[in-house]
Each structure stands twice: as structure tokens, then as C-alpha cells.
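Secondary and tertiary structure notes
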Amino acid sequence: MGRREDTFAQAVLEVVLRHDPDFDGATMEMRPSKAGNYLALTVTVTATSQPQLDALYMELTGHPLVLMVL
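Think of each chain on its own: its residues are numbered from 1, step by step along the sequence as written. The predicted nature of this model means local features are confined to residues of pLDDT at least 70 and side-chain atom pairs, given and counted, to a pLDDT of 80 or more, with totals for whole chains, interfaces and linings taken over all residues. Water and hydrogen atoms play no part in the side-chain values, which are based on all heavy atoms of the structure.

1. Focus on the nonpolar core
- To qualify as a nonpolar core, a set must consist of buried Ala, Val, Leu, Ile, Met, Phe, Trp, Tyr and Cys residues joined through side-chain atoms within 4.5 Å. Accessibility here uses a 1.4 Å probe with only protein chains present; expressed as a share of the type maximum, an area under 20% marks a residue as buried, one over 50% as exposed, and anything in between as partly exposed. Membership of the largest hydrophobic core comes to 15 residues, with the highest contact counts inside it found for F8, V12, M28 and L41.
- The numbering of helices and of strands both runs from the N terminus, where a helix is a DSSP run of H or I of at least 4 residues and a strand a run of E of at least 2. Elements supplying a minimum of two residues to this core: helix 1 (8-19), strand 3 (38-42) and helix 2 (50-62).
- The leading source of residues in this core is helix 1, at seven residues.
- Throughout, a residue-residue contact means that at least one pair of heavy atoms, one from each residue, lies within 4.5 Å. Not counting residues within four places of it along the chain, the set of residues in contact with F8 comprises M1, G2, R3, L39, L41, L65 and V66.

Shown next as C-alpha cells:
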């Protein structure tokens, strides 16, 4: 989840593709908050290892546009 900015979804997609090059960006789901200030993204990846998943999580949580990762 992050603030609704023009570059947010693209930034998340770029991070995900670094960790799962086969990810299809068209499957990313986007839901704006009720007031429209935030954007929730749902990304389903096929993880091949725990280290891969951990690295993806760490990069997403460290990204300045990302406010929360579940």
C-alpha cells in the first residue's frame, strides 16, 4: 500500500519483476482507498525459494513510496 501517486504502481512492478521476471504485470490488482489518497496493490508471485521471497519483501518495505507490505 502506498500514497496514490502516478509512479507508485510502476515502481512496485519494477521491484517485483527484479525478483520474479516471469510476473505478468497485467495481473496486478489495484484498489484506491475510499478517499482516494492511497492505493492498495495485490501482487501474486510464484516464489521459488524463501530467500527470494524475503528479498522481495525487504526491497518493497525499503522503497520510499511503499507504506505497508503484507
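2. Quick notes on the packing of helix 1 against helix 2
- Only the stretch in contact is used when a helix axis is fitted, and all axes are lines through C-alpha atoms; the angle between N-to-C directions ranges over 0 to 180 degrees. The interhelical angle for the contact between helix 1 and helix 2, taken along N-to-C directions, is 160°, at an axis separation of 10 Å. Taken together, the axes of helix 1 and helix 2 lie roughly antiparallel to each other. Crossing of helix 1 against helix 2: the hand is right-handed. Side by side, helix 1 and helix 2 meet where V12, V15, V16, R18 and H19 of the first sit next to Q52, A55, L56, E59 and L60 of the second.
- Polar here means any residue outside two lists: the nonpolar Ala, Val, Leu, Ile, Met, Phe, Trp, Tyr, Cys and Pro, and the charged Asp, Glu, Lys and Arg; Gly therefore counts as polar. Grouping the amino acids of the contact of helix 1 with helix 2 by side-chain chemistry returns six nonpolar, two polar and two charged. Convention used here: angles under 35 degrees read as roughly parallel, angles over 145 as roughly antiparallel, angles from 65 to 115 as roughly perpendicular, and any remaining angle as oblique. Each helix crossing is assigned a hand: it is left-handed if the near helix lies turned anticlockwise from the far helix by less than a right angle, otherwise right-handed if that turn is clockwise.

By themselves, these are just geometric observations and shouldn't be taken as functional.
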